[in-house]
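# Survey of secondary and tertiary structure
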Amino acid sequence: MGIDIKRVGIIGAGQMGSGIAHVCAAAGLDVLLNDRDPDRLNAGLANIDGTLARQVSKGTIDESHRREVRERIVAARSYDDLGPCDLVIEAATEHEATKRQIFSTLCPSLRPDALIATNTSSISITRLAASTDRPERFIGIHFMNPVPVMQLVELIRGIATEDPTYESAKAFIAKLGKTSTMSEDFPAFIVNRILLPMINEAIYTLYEGVGSVESIDTAMRLGANHPMGPLQLADFIGLDTCLSVMQVLYEGLADSKYRPCPLLVKYVEAGWLGRKVKRGFYDYRGETPVPTR
């Protein structure tokens, strides 16, 4: 039998973690949000407050609903505070050693029947599960960014993930009003295995001088009916994240078609990581974004 998920712990209060906290609370679940950096935890809670305030001003929700949602989200200052959770989702940085450290430290604080999930966009679920005391109760739950807006969630089973764990995760996603797809545990799963090589190819197209930033994005927006161009999307995702996913694909599948574009590497080395630092393939420091190439 699967576990009925009513209380969710989230580790990492960045863009993804705070987004997951928001959708869980909006679905009536109790949420404990944790981050090792108190400033980031406060920023994550402020981010949720801002999203809720925008929803009220748009008339999407009323003030009493906003208050209810916000009251369901509590700051968890340590892993011990996550003890009562039915499910804990790790949404920390996309770095395997960091994630493994979190899991091995977290496990003693949890109930034996609690489930653990990772929001990784590309790292092996089987390998991460091995750093816990419960690989059969471990699963990949990959939310898309921005979490409150995006409808899809990828569920990824590791080699040890048992059926009740998968069924519980599937029911949990349905409770959030989202749609889940099942992916096998291969590098980058489904969405990023298709999406990131397309973005990487767009960067190669720029690198080789086939088109400018503007012409590439316009071509894909109007020629393939994409809501945003691939370079604009790369800036939105974060060029460091794009590079780490391409590296996982390249190393995990050993196929030269996944080689990260040298221009992507150069942008990351320069610290031009996209929108979050106001510079990537576009410069966001002025009124309107200006291409940087």
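Remember, it's a predicted structure, so these values are computed and weren't measured experimentally.

It is worth spelling out the overall build of the protein at this point. Each helix and strand counted, the protein has 11 helices and 10 strands in total. Here the C-alpha radius of gyration of the protein, 19 Å, is about what a compact globule of 293 residues would show, namely 19 Å. Out of the 293 residues belonging to the protein, those deemed buried represent 46%. Of the contacts formed within the protein by residues at least 6 apart in sequence, a portion of 65% connects residues at least 24 apart.

For the coordinates displayed, the defined rule picks out five aromatic pairs. Relative to Phe 138, the ring of Phe 103 has its centre 5.1 Å away and its plane inclined at 85 degrees; by these criteria the two rings are edge-to-face. Here Phe 103 is found in helix H4 (residues 96-106), whereas its partner Phe 138 is found in strand E6 (residues 138-143), with 35 residues between them in sequence. Exposure remark for Phe 103: the relative accessible area of 0% places this residue in the buried category. Residue classification places Phe 138 among the buried positions, given a relative accessible area of 0%. Geometrically, the ring pair formed by Tyr 267 and Trp 272 is edge-to-face, given 5.7 Å between the ring centres and 80 degrees between the ring planes. A residue is classified by how much of its surface remains accessible, and Tyr 267, at 5% relative accessible area, is buried. Aromatic rings pair up to connect Tyr 267, Trp 272 and Phe 281 into one cluster.

A few words now on the UniProt feature "domain: 3-hydroxyacyl-CoA dehydrogenase NAD binding" (unreviewed entry) in the protein. The UniProt record marks residues 8-182 with the feature "domain: 3-hydroxyacyl-CoA dehydrogenase NAD binding" (unreviewed entry), using the residue numbering of this structure. Helix makes up 41% of residues 8-182 and strand makes up 21%, while its end C-alpha atoms are separated by 21 Å.

Taken together, the buried positions of H4 are occupied by Thr 98, Lys 99, Ile 102, Phe 103 and Leu 106. Buried residues of H4, viewed axially, fall in a sector of 130 degrees; they line one side. The inward-facing, buried residues of H4 abut strand E1 (7-11), strand E4 (87-90), strand E5 (115-118), helix H5 (125-129) and E6.

As a further point, take the side chain of Asp 217. Here Asp 217 lies in helix H8 (residues 213-223). Here Asp 217 is buried and forms no salt bridge, its nearest opposite-charge partner Arg 221 lying at an N-O distance of 5.5 Å. Reaching out from Asp 217, the side chain makes a polar contact with the backbone nitrogen of Leu 231 at a distance of 2.9 Å. The contacts of Asp 217, once residues within four sequence positions are left out, are Gly 229, Pro 230, Leu 231, Gln 232 and Tyr 282.

What follows covers the nonpolar core. With 37 residues, the main nonpolar core has Val 8, Leu 33, Leu 87, Ile 141, Phe 143 and Phe 172 as its most contacted residues. In terms of residue count, the dominant contributor to this core is helix H1 (residues 15-26) (six residues). The contacts of Phe 172, once residues within four sequence positions are left out, are Ile 5, Val 8, Cys 24, Leu 29, Leu 87, Ile 89, Ile 141 and Phe 143. Counting 26 residues, the second-largest nonpolar core is a separate cluster that includes Ile 199, Leu 233, Leu 264 and Tyr 284.

Cut-offs and rules
Residues numbered from 1 in each chain as written. Predicted model: local features only at pLDDT ≥ 70, side-chain atom pairs only at ≥ 80, totals over all residues. Heavy atoms only, no water. Helix = DSSP H or I, 4+ residues; strand = E, 2+ residues; numbered from the N terminus. Rg over C-alpha atoms; globule rule 2.2 N^0.38 Å. Buried < 20%, exposed > 50% of the residue type's maximum accessible area, 1.4 Å probe, protein only. Contact = heavy atoms within 4.5 Å. Phe/Tyr/Trp six-rings, centres within 6.5 Å; stacked < 30°, edge-to-face > 60°. UniProt positions renumbered as here; feature names shortened; annotations may be inferred. Arc of directions from axis to C-beta. Lys, Arg positive; Asp, Glu negative; His and termini not counted. Salt bridge = Lys/Arg side-chain N within 4 Å of Asp/Glu carboxyl O. Polar contact = N/O pair within 3.5 Å; in protein donor to acceptor, adjacent residues only side chain to side chain. Core = buried A, V, L, I, M, F, W, Y, C linked by side-chain atoms within 4.5 Å.

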